[in-house]
Amino acid sequence: MQNFLLELGTEELPPKSLRQLAQSLSDNIETQLDAAELSFETITWHAAPRRLAVTVTQLANTQPDKVVEKKGPSVKAAFDSDGNPTKAAQGWARSNGITVEEAERVATDKGEWLLFKAEVQGKTVAQLLPEIVNTAVSKLPIPKPMRWGSSRTQFIRPVHTLTMLYGDQLIPAKVLDIESGRVIRGHRFMGDQELTLTHADDYLTSLEKQGKVIADYESRKAFILNGVTQAANAVGGKADLDDALVEEVTSLVEWPVILIASFDPEFLTVPSEALVYTMKGDQKYFPVYDEAGELLPKFIFVSNIESKDPNQVIDGNEKVVRPRLADAEFFFKTDRKHSLQSRLESLSGVTFQKQLGSLKARSERISAIAGQVAELLGANVADAQRAGLLSKTDLMTEMVMEFTDTQGVMGMHYARLDGESEAVAVAISEQYLPKFSGDRVPSHPVSIAVALAEKLDTLTGIFGINQPPKGDKDPFALRRAAIGTLRIIVDNQLKLDLQPLIKYSVAQHQSNLSNENTANEVIDFLLGRFRSWYQEQGISVDVIQAVLARRPTSPTDFDHRVKAVNHFRGLEQAEALAAANKRVGNILAKNSSELGAELTASLLQEPAEIALAEQLQQVSKGLDVLAAKGEYQQVLTNLAELRANIDAFFDNVMVMADDPALKQNRLALLNQLRNQFLLVADISVLQ
């Protein structure tokens with residue numbers, strides 16, 4: 001066994017795709033090695049701006065030898081009436097390099113057959129690795145491959161070198177039209193431009209010491225995190241170590257050098273979000289904050305070169321960022337000449353969606369819906385309506401037009417400067433929350449009202465013009481809006497029912513909608529988002545389906561039911577009760593025309609049905625009250641006590657009795673039983 005190294009040397013790879021490419025290459029190699037039955041200990045990926053690499057430790061040098069059984073024709077078909085081999089038998093034997101007489105025989109329940117056991121010698125890694133690597137590379141997720149030079153080969157970026165070493169052995173191969181060799185490339189400007197590897201184990205060390213490249217991605221990322229943190233500490237601050245930014249910077253540099261720079265403190269009169277946006281988004285700098293969370297006139301950046309005079313590098317970056325910050329300052333001062341209220345009319349000239357009208361019309365709808373939600377929450381209706389009305393006005397500001405990611409946030413700052421209430425200002429900012437998985441949700445009642453209104457207006461509008469998401473296409477981000485709606489309600493444990501809210505939201509669109517079933521489709525779409533949400537929490541699909549069968553339209557109520565059913569599923573009685581509910585459901589479905597009669601105690605004859613009826617009556621007391629309070633776990637726990645009597649009922653009582661009165665009475669008993677469980681969910685779907 002030896003360690004194996006694969007490296008593809010390329011032009012600069014897209015930084016936001018680097019981790020995914022490297023991980024995929026490693027996964028693909030692992031899949032191919034497993035398929036080839038080549039044993040190994042570990043597989044690790046490495047990545048830098050100009051290389052993708054994989055190292056495999058203790059890779060076996062050959063496949064194991066194995067015996068392959070090749071079944072031939074049946075003995076009846078292999079010989080004629082005189083016992084001579086038929087042409088079919090002779091052809092099969094010839095294809096296997098034997099005579100019919102040399103074939104073994106195997107007896108099966110379908111008769112006797114000819115058999116040849118071929119000993120197949122395992123191939124060596126030198127024979128297998130070229131195809132393994134080519135297959136792994138061909139399966140990389142590359143949405144837009146490119147061609148270079150006169151070659152017709154396509155890859156995400158031009159490829160210059162290929163290295164495949166098994167221990168100290170070079171594996172001859174051709175991948176992406178490049179022949180494998182021992183030469184790899186170092187840093188563009190430091191260290192050795194080219195290195196010759198003699199052994200796979202030398203890769204990381206040689207590249208770092210001679211080539212000035214830290215090829216191990218996680219090591220490079222850790223170095224950057226530690227270095228930026230120490231640099232921030234040195235100036236008495238704390239760096240904004242946004243993971244997406246750290247990842248991108250890690251993918252942009254081969255030899256990270258951490259440097260601290262400054263900008264003119266006068267720029268701090270501009271809202272910090274605008275400054276941070278340009279530093280992080282445009283320049284890939286790390287902003288620094290003081291202990292109070294206020295932005296300091298400092299930033300940290302990561303250079304890809306170790307300069308003899310780092311002050312020149314710092315001066316250069318300070319010169320680059322100054323005009324960007326000056327732009328932000330100019331936009332801010334320009335925007336301050338007009339209030340958000342004065343920009344409302346300009347929204348009339350901007351189309352939200354041609355069938356749904358302008359942004360002004362959208363703002364008016366959001367205002368109305370926000371007021372309705374606020375009333376239900378007991379929040380300040382006037383503030384909610386005001387925030388909804390002004391919610392899109394910052395889209396007309398110079399700042400947001402230039403720095404689009406500051407929408408909402410700049411609206412908050414401008415609202416404060418305009419003298420709007422704090423609740424209105426914060427609601428304008430928080431209307432877009434949550435922006436991504438795991439993001440916080442608004443918690444202030446006015447912010448909740450506006451955020452829900454913004455999402456419900458989008459959902460009802462787009463569904464109303466028959467443009468729901470299809471496949472992976474979701475141009476209006478309806479899935480995100482749906483999950484956001486559910487999270488806001490559930491995370492804040494709000495007692496809101498989607499049905500009246502969606503009906504009210506649909507009404508705000510007046511005659512613009514062409515889909516008459518909009519409200520139902522939006523509710524089904526929202527409830528359908530629960531499936532992926534709860535699956536991510538480790539809750540099985542059948543638990544979610546059990547609750548979906550009842551179609552509760554209050555997200556908080558839905559959440560309580562799911563958690564109750566998930567708890568019930570772990571009880572000892574759950575499996576038997578789920579099976580019994582399924583049986584009851586089938587019986588009732590087949591006899592639906594005979595349901596409706598009340599249970600008559602005098603018609604109960606068998607001890608088992610009498611016992612079940614009495615216990616059901618006892619257990620059912622107070623279940624409606626518990627269900628109304630959302631205490632579904634207690635409801636199911638109480639009902640679980642019925643298990644023994646339910647089992648006895650089915651063991652000893654004939655439901656489909658010859659006497660119609662007895663049959664109807666027993667169906668009524670089962671109907672009562674099922675309805676008690678349906679207070680929570682349809683547990684018959686549990687597996």
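The structure displayed is predicted, hence computed values, not measured ones. (Residues numbered from 1 in each chain as written. Predicted model: local features only at pLDDT ≥ 70, side-chain atom pairs only at ≥ 80, totals over all residues. Heavy atoms only, no water.)

Draft legend 1. Inspection of the overall build of the protein chain at higher detail. Within the protein chain, the regular secondary structure consists of 27 helices and 20 strands. Relative to the compact-globule value of 26 Å for 687 residues, the protein chain shows a C-alpha radius of gyration of 35 Å, a clear excess of over 25%. Along the longest, intermediate and shortest principal axes, the C-alpha atoms of the protein chain span 105 × 100 × 45 Å. A burial count over the protein chain gives 50% of its 687 residues as buried. Within the protein chain, counting contacts between residues at least 6 apart in sequence, those at least 24 apart form 67% of the total. Of the roughly 32600 Å² of accessible surface on the protein chain, a fraction of 47% belongs to carbon and sulfur atoms. (Helix = DSSP H or I, 4+ residues; strand = E, 2+ residues; numbered from the N terminus. Rg over C-alpha atoms; globule rule 2.2 N^0.38 Å. Buried < 20%, exposed > 50% of the residue type's maximum accessible area, 1.4 Å probe, protein only. Contact = heavy atoms within 4.5 Å. Areas by Shrake-Rupley, 256 points an atom, 1.4 Å probe, with all protein chains shown as cover.)

Draft legend 2. Main features of the packing of helix α11 (residues 359–377) against helix α16 (residues 445–464). Two elements in contact, α11 and α16, have axes separated by 8 Å at closest approach and are oriented at 130 degrees. Between α11 and α16, the angle is such that the two are oblique. For α11 against α16, the interelement crossing comes out right-handed. Residue-level inspection shows Arg-362, Arg-365, Ile-366, Ile-369, Ala-370, Val-373, Ala-374 and Leu-377 of α11 in contact with α16, the latter providing Pro-445, Ile-448, Ala-449, Val-450, Leu-452, Ala-453, Glu-454, Asp-457 and Thr-458. (Axes fitted to C-alpha atoms, helices over the stretch in contact; angles between N-to-C directions. Parallel < 35°, antiparallel > 145°, perpendicular 65-115°, else oblique. Left-handed = near helix turned anticlockwise from the far one by under 90°.)

Draft legend 3. Inspection of the pattern of salt bridges at higher detail. Taken as a whole and judged by the stated rule, the model has 34 salt bridges. A salt bridge links Arg-324 to Asp-282, with the shortest nitrogen-to-oxygen separation between them at 2.4 Å. Taken as a pair, Arg-324 in helix α9 (residues 310–335) and Asp-282 in helix α8 (residues 272–282) lie far apart in primary sequence, 42 residues in all. Under the relative-accessibility criterion, Arg-324 is labelled partly exposed at 21%. What makes Asp-282 partly exposed here is its relative accessible area of 35%. For Arg-561, the salt bridge identified is with Asp-557, shortest N-O distance 2.7 Å. (Salt bridge = Lys/Arg side-chain N within 4 Å of Asp/Glu carboxyl O.)

Draft legend 4. Molecular detail of the nonpolar core. Formed by 134 residues in total, the largest nonpolar core has its most connected members in Met-399, Leu-459 and Val-565. At 11 residues, α16 tops the list of elements feeding residues into this core. Grouped together as the second largest cluster of nonpolar side chains are 41 residues, Val-56, Val-133, Ala-136 and Val-175 included. (Core = buried A, V, L, I, M, F, W, Y, C linked by side-chain atoms within 4.5 Å.)

Draft legend 5. View of the sheet that holds strand β6 (residues 111–120). Strand order across the open sheet formed by 3 strands is β4-β6-β5, with antiparallel pairing between neighbours. Whereas interior strands pair on both sides, the edge strands pair on one side only; in this sheet they are β4 (66–74) and β5 (104–108). Sheet twist, expressed as the mean angle between neighbouring strand axes with direction ignored, is 40 degrees. Packed onto the sheet, helix α3 (residues 87–95) meets β4 and β6 and runs at close to 165 degrees relative to β4. (Pairing = 2+ DSSP bridges.)

Draft legend 6. Structural context of the environment of Asp-658. In this structure, Asp-658 sits in the loop between α26 (643–652) and α27 (660–677). On the basis of relative accessible area, Asp-658 is assigned to the exposed category, the value being 79%.

Draft legend 7. Focus on the packing of aromatic side chains. Within the structure shown, the criterion is met by 15 aromatic pairs. Note on Phe-530 and Trp-533: the rings are 5.4 Å apart at their centroids and 10 degrees apart in plane angle, and the pair reads as stacked. Linking Phe-530 with Trp-533, this pair stays in helix α19 (residues 518–536), spanning 3 residues, or about one helical turn. The class for Phe-530 is buried, based on a relative accessible area of 0%. When the centroid spacing of 5.4 Å and the interplanar angle of 80 degrees are considered together, the rings of Phe-649 and Phe-650 count as edge-to-face. Accessibility expressed as a relative area gives 0% for Phe-649, which makes it buried. (Phe/Tyr/Trp six-rings, centres within 6.5 Å; stacked < 30°, edge-to-face > 60°.)

Draft legend 8. Layout of the packing of helix α6 (residues 217–234) against helix α7 (residues 243–250). In contact at an axis separation of 9 Å, α6 and α7 are set at 120 degrees when each is read in the N-to-C sense. Taken together, the axes of α6 and α7 lie oblique to each other. The interaxial crossing formed by α6 with α7 has right-handed handedness. Taking contact as the criterion, the partners of Tyr-217, Arg-220, Lys-221, Ile-224 and Leu-225 in α6 are, on α7, Asp-243, Val-246, Glu-247, Val-249 and Thr-250. The class makeup of the residues in the contact of α6 with α7 is 5 nonpolar, 1 polar and 4 charged. (Nonpolar A, V, L, I, M, F, W, Y, C, P; charged D, E, K, R; others polar.)

Draft legend 9. Quick peek at the sheet that holds strand β16 (residues 257–262). Read from one edge to the other, the open sheet built from 4 strands follows the order β15-β17-β18-β16, with strand pairing classed as antiparallel. Each end of this open sheet is capped by a strand with a single partner; those strands are β15 (238–239) and β16. Bridge count for strand β17 (residues 286–289) against strand β18 (residues 295–303) is 3 bridges, and the pairing is antiparallel. Within β18, the position partnered with Phe-286 by the bridge is Ile-300. In the packing of α8 onto the sheet, the strands contacted are β17 and β18, and the crossing angle to β18 comes to about 10 degrees.

Draft legend 10. How the structure looks around α6. Over its 18 residues, α6 runs 26 Å from end to end, which matches the ideal 26 Å to within 8%, given 1.5 Å per residue. One or two steps after α6, the chain reaches Gly-236, where phi turns positive at roughly 70 degrees. (Expected span 1.5 Å × (residues − 1).)

Draft legend 11. Broad picture of the side chain of Thr-163. Residue position: Thr-163 is located in strand β9 (residues 159–166). Taking relative accessible area as the criterion, Thr-163 reaches 0% and is therefore assigned buried. With near-sequence residues (within four places) excluded, Thr-163 lies in contact with Leu-5, Leu-6, Glu-7, Gly-181, Arg-182, Val-183, Ile-184 and Leu-197.

Draft legend 12. Geometry of the pairing of β5. Relative to β6, β5 runs antiparallel, the two being bridged by 5 bridges. Of the residues in β6, the one forming a bridge with Ala-107 is Glu-112. Remark: 2 residues form the turn of the hairpin made by β5 and β6, two consecutive strands paired antiparallel.

Draft legend 13. Focus on α7. In terms of residue burial, α7 counts as a mostly covered element, since 6 of its 8 residues are buried. Turning to α7, its buried residues are Leu-245, Val-246, Glu-247, Glu-248, Val-249 and Thr-250. Buried residues belonging to α7 abut α1 (18–35), α6, α8, β17 and β18.

Draft legend 14. Local environment of unusual backbone geometry. In this model, Leu-433 is joined to Pro-434 through a cis peptide bond whose omega is -10 degrees. Assignment of secondary structure puts Pro-434 in the loop between α15 (422–430) and α16. Look at Leu-176: it is not a glycine, yet its phi comes out positive at around 50 degrees. As for its position among the elements, Leu-176 is in the loop between β11 (174–175) and β12 (178–179). Of note, the phi angle at Asn-466 is positive, near 60 degrees, even though the residue is not glycine. With respect to the helices and strands, the residue Asn-466 is situated in the loop between α16 and α17 (478–491).

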